[in-house]
Amino acid sequence: MESQATLNSIQKAIWDGRLPLQISLAPSESRIYDQTDPYLISYPRISYLPSLLPRLRAFFASSLIDPSSHAHDGWFSFEGVPLKWHLPIGLLYDLYAGADPASKGTAESEDAGWDIDDQDSPLPWRLVVHFSDWPDEELVRLDAGGMVMNDAFINSVKEADFLRNGTAKGIMSLSKEDSSGLWKSVQDGMIAPTPPPSFPISQSLVSPFPAISNTISNVQETIAKQSVVELPSFQRISNILLPPLNQPFRNIPIRIFLPLPPDSGSPSLKVVQSPVPPSIPPTSVAASQLALSRSSITPQTQTMGSALHSLLPHLFPSRRTPVLAKPVLHGAAVPMSAPVEELVRSSAYGDGWLYIVVRMMG
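Residues numbered from 1 in each chain as written. Predicted model: local features only at pLDDT ≥ 70, side-chain atom pairs only at ≥ 80, totals over all residues. Heavy atoms only, no water.

**Regarding the confidence of the model for the chain**
Right, on to step 1. Per-chain confidence: the chain averages 82 in pLDDT, with 77% of residues scoring 70 or above.
Right, on to step 2. Here residues 189-227 is modelled with pLDDT under 50, and outside its nearest four sequence neighbours on either side it reaches 47 contacts, counting other chains as well. (pLDDT = per-residue confidence, 0-100. Contact = heavy atoms within 4.5 Å.)

See below:
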């Protein structure tokens, strides 16, 4: 098991991960159809889309055909597919954007070198926000007070806590302040200004045109307001729920998202979830040898490869090498040798789950 300092450093790198988003108002809801300026922001991967709705509603207010709509009426789509608001943004991107996952040897960050004018580039991730025609068959409606989103997150935390410890007493015994703080730490809780990015447009060219100049200034100001997450607050509360390093988990909270067939007409996600122990028990042969020798056999550590081979042997015939598919977490290919318990401690999403996206190879 890696040291707590090492696990914390990995967790910090993950929580620093961001996605550049370009969010457009649905043309059918805009007074000027598809001419509305998009909203640009670099947003934490571990955060959730509904946290953006209040500022998006304010940003697009002057363009909305229906001025009576509210922020909680908002929902997002990508290429016509409604996005599940209870899933973290980074997971949604890994599921739908089709971008190649980072692997060992790639050093560029996700928001480095992207071109807003390159429509073929996966970044910025281009989403559409709607404030009407809620897709009731696909999404549960949000509420004005944000309790639907909060409850969905806390329920997911409870599930993860139960799998790790065999009981949900940890999350149930949290104080009201810590329970709400766990959600607020991954919610869009604060705005930290950063230097605005430089645009490849000469100010001397646009200065005679106030409208263009003001638009660029507004975009720069929007991107300069970077949403950040409260990692120290999260770590303090999360450590209350996690067993100590010398105490293994009961089971690993892991959900595996399978790729849809190319000819699938349904946007429904295919998810595999099954109890995965942190170590592999001895086989029946080893157990019989143990009984005869009266010696101890150290259980084998459960790795990403062994877990995937156990759950999806047809996609992962090898425990050591990705042959047909590879696991992706936080936009990066996960080594098959990575111990799953260490992955949870260092790389789980804010609700405590490992969300693994299966990406086909070749």
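On we go.
**Notes on the pattern of salt bridges**
Right, on to step 1. Inspection of every chain in the model, using the stated rule, returns eight salt bridges.
Right, on to step 2. For K12, the salt bridge is made with D16, and the minimal N-O distance between the two is 2.8 Å.
Right, on to step 3. Classification of K12 as partly exposed rests on a relative accessible area of 45%. (Salt bridge = Lys/Arg side-chain N within 4 Å of Asp/Glu carboxyl O. Buried < 20%, exposed > 50% of the residue type's maximum accessible area, 1.4 Å probe, protein only.)

**Considering the sheet that holds strand β14 (residues 354-360)**
Right, on to step 1. Spatial ordering of the open sheet is given by β9-β8-β14-β12-β13, a layout of five strands whose pairing is mixed. Of all the strands in the sheet, just β9 (270-272) and β13 (332-333) have a single pairing partner and so form its edges.
Right, on to step 2. For strand β8 (residues 254-258) and β9, the ladder comprises three bridges, and the chain directions are antiparallel. Looking across to β9, one finds that F257 is bridged to V271.
Right, on to step 3. Along the sheet, helix α11 (residues 304-311) makes contact with β8, β12 (325-329) and β14, crossing β8 at roughly 65°. (Pairing = 2+ DSSP bridges. Helix = DSSP H or I, 4+ residues; strand = E, 2+ residues; numbered from the N terminus. Axes fitted to C-alpha atoms, helices over the stretch in contact; angles between N-to-C directions.)

**Examining the pairing of β14**
Right, on to step 1. By the criterion of burial, β14 is predominantly enclosed, with six of the seven residues buried.
Right, on to step 2. With four bridges connecting them, β8 and β14 associate as parallel partners. Looking at the pairing, I254 lines up with L354 of β14.
Right, on to step 3. Two strands pair when backbone bridges link them, and β12 and β14 are joined in this way by four bridges, in the antiparallel orientation. Directly across from V328, in β14, lies its bridge partner V357.

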